[in-house]
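Architecture and fold: a report
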Amino acid sequence: MTLQQLAYFAAAVEHGSFSAAADALYIAQPSLSEQIRRLENELGVALFVRTNRRLILTEAAQLLLPHAQRTLASAREAADSVRGVRTLTGGTVAFGTFSSAHHLLLTELIAIFHGRHPQVHVRMVSLNSSEVADAVRDGALEAGLVALPVDDRGLDVSPVVWTSEAVYLSTEPSRTSQPVTPAELASSQLILPEARSGSADPTRRQLLERSQKAGVSLVPTVEVESPASALALAARGVGDTVISLPLAQYLGYAGRLHWASFDPPLYETFAFVTRHDAHLSPATRVLMQLASRHLQQLERTGETAD
């Protein structure tokens with residue numbers, strides 16, 4: 001039994017003949033007749049007494065009709081329930097971003113998206129990139145924008161959509177007069193953000209890998225959660241820090257602190273992650289497109305500032 005068969009049956013009842021029902025549904029009458037015949041075979045009963053003038057419902061058809069009508073109504077309600085998601089006139093987009101995205105990205109991104117699709121509920125979660133990847137993998141978020149590398153098991157990682165340089169910042173110009181080596185980094189009084197994630201943070205992972213290859217240990221003096229807090233402490237002379245240059249520029253510290261690149265330069269690369277082979281909602285796809293465009297603009301602005 002199919003919804004199509006029930007729809008043809010209900011139309012035949014409503015219009016009184018197969019030909020009138022076929023005309024109303026814009027299909028050929030033999031097609032409608034064949035589907036009703038298959039429905040009768042499935043049920044094992046006749047549904048109509050065929051006469052020259054009008055169809056007469058059998059007892060089985062009279063019993064079936066209210067169930068068919070309720071089933072067809074439920075199917076229409078089911079389709080209506082997701083129409084808002086398809087047309088971006090309803091539903092929810094659940095998206096995750098790296099923790100400092102609220103400084104660089106989220107306000108503009110959400111404002112533009114909401115302006116275009118005001119009936120879509122936006123749930124935007126800012127976490128460390130490793131946590132965003134876990135939330136996407138577990139199904140708590142539909143997609144996320146993360147700094148690489150992350151654990152990508154069960155995930156699809158898009159091509160890199162944005163690259164920014166992480167730099168060494170200090171109040172002392174002598175410590176930023178030349179590119180910073182891993183040995184110099186290890187000997188500094190270092191303030192690092194992302195205290196909760198620790199070595200799972202993608203930037204810390206890169207710093208630790210460089211230190212290990214150089215045969216030195218990287219042990220921060222102070223750990224805080226927020227990059228803004230790390231910059232504020234560095235400006236107070238508590239220690240030096242490592243932060244994305246665009247973020248330091250946005251927060252106004254690139255002019256207050258001296259900064260230097262690393263030797264070799266350290267780049268943070270950002271990409272979208274989704275569950276493997278996931279079917280993304282239209283709202284999420286639109287949000288990702290807007291985020292990608294905004295990051296490209298941010299990269300161009302950063303190049304001009306440099």
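Refer to the preceding data block for the structure.
Because the structure is predicted, anything quoted here is derived from the model rather than measured. (Residues numbered from 1 in each chain as written. Predicted model: local features only at pLDDT ≥ 70, side-chain atom pairs only at ≥ 80, totals over all residues. Heavy atoms only, no water.)

Before going further, it helps to spend a moment on helix α3 (residues 29-43). The terminal C-alpha atoms of α3 lie 21 Å apart, and with 15 residues this matches the ideal 21 Å at 1.5 Å per residue to within 8%. For α3, the full list of buried residues reads L32, S33, Q35, I36, L39 and E40. Projected onto a plane normal to the axis of α3, the buried residues spread over an arc of 165° and lie on a single side. Exposed and facing more than 90 degrees away from the buried side of α3 are P30, N41 and E42. G44 sits one or two residues past α3 and shows a positive phi near 80°. (Helix = DSSP H or I, 4+ residues; strand = E, 2+ residues; numbered from the N terminus. Expected span 1.5 Å × (residues − 1). Buried < 20%, exposed > 50% of the residue type's maximum accessible area, 1.4 Å probe, protein only. Arc of directions from axis to C-beta.)

So, about the side chain of N128. Of note, N128 is situated in the loop between β4 (121-127) and α7 (129-138). Within polar-contact distance, the side chain of N128 engages the side chain of E194 at 3.2 Å. Engagement of the side chain of N128 in a polar contact is seen with the side chain of D201, the distance being 2.8 Å. Non-local contacts of N128, meaning those with residues more than four positions away in its chain, are made with S99, E194, S197, A200, D201 and P202. (Polar contact = N/O pair within 3.5 Å; in protein donor to acceptor, adjacent residues only side chain to side chain. Contact = heavy atoms within 4.5 Å.)

Side-chain pairing between opposite charges can occur once the charged atoms of the two side chains come close. Enumeration over the complete set of coordinates arrives at 10 salt bridges. Between R50 and E40 there is a salt bridge, and its shortest N-O distance comes to 3.3 Å. Of this pair, R50 sits in the loop between β1 (48-49) and β2 (56-57) while E40 sits in helix α3, placing them 10 residues apart in sequence. What makes R50 partly exposed here is its relative accessible area of 44%. A relative accessible area of 10% places E40 in the buried class. Of the charged contacts in the structure, one is a salt bridge between R175 and D240, with a shortest N-O distance of 2.7 Å. Of the two residues, R175 sits in the loop between β7 (162-170) and α8 (182-186) while D240 sits in strand β10 (residues 240-244), which places them 65 residues apart along the sequence. Look at D240 and you get buried, because its relative accessible area is 2%. (Salt bridge = Lys/Arg side-chain N within 4 Å of Asp/Glu carboxyl O.)

To continue, consider the nonpolar core. F95, L145 and W162 are the most contacted members of the largest nonpolar core, which has 40 residues in total. Ranked by residues supplied to this core, first place goes to helix α12 (residues 282-305) with 7 residues. Discounting residues that sit within four places of it in the chain, F95 has contacts with R123, M124, V125, L141, A143, G144, L145, F272, L287 and M288. One finds F9, A12, A21 and A68 within the second-largest nonpolar core, a separate group that totals 20 residues. (Core = buried A, V, L, I, M, F, W, Y, C linked by side-chain atoms within 4.5 Å.)

Position of L141 relative to the elements: it lies in the loop between α7 and β5 (143-148). For L141, a relative accessible area of 3% puts it in the buried group. A C-alpha to C-alpha distance of 48 Å links L141 and Q29, two positions 112 residues apart in sequence. The contact partners of L141, leaving out residues within four places of it in the chain, are A94, F95, G96, R123, V125, A135, V136 and R275.

Side chains of M1, L43 and V45 sit close together on the surface and give an oily, nonpolar patch of about 240 Å² of accessible area. Note that L43 resides in helix α3. We classify L43 as partly exposed; its relative accessible area is 32%. (Patch = residues over 30% accessible without salt bridge, like charges linked within 9 Å, V, L, I, M, F, W, Y side chains within 5 Å. Areas by Shrake-Rupley, 256 points an atom, 1.4 Å probe, with all protein chains shown as cover.)

In short, the description is geometric, and any link to function would need to be established separately.
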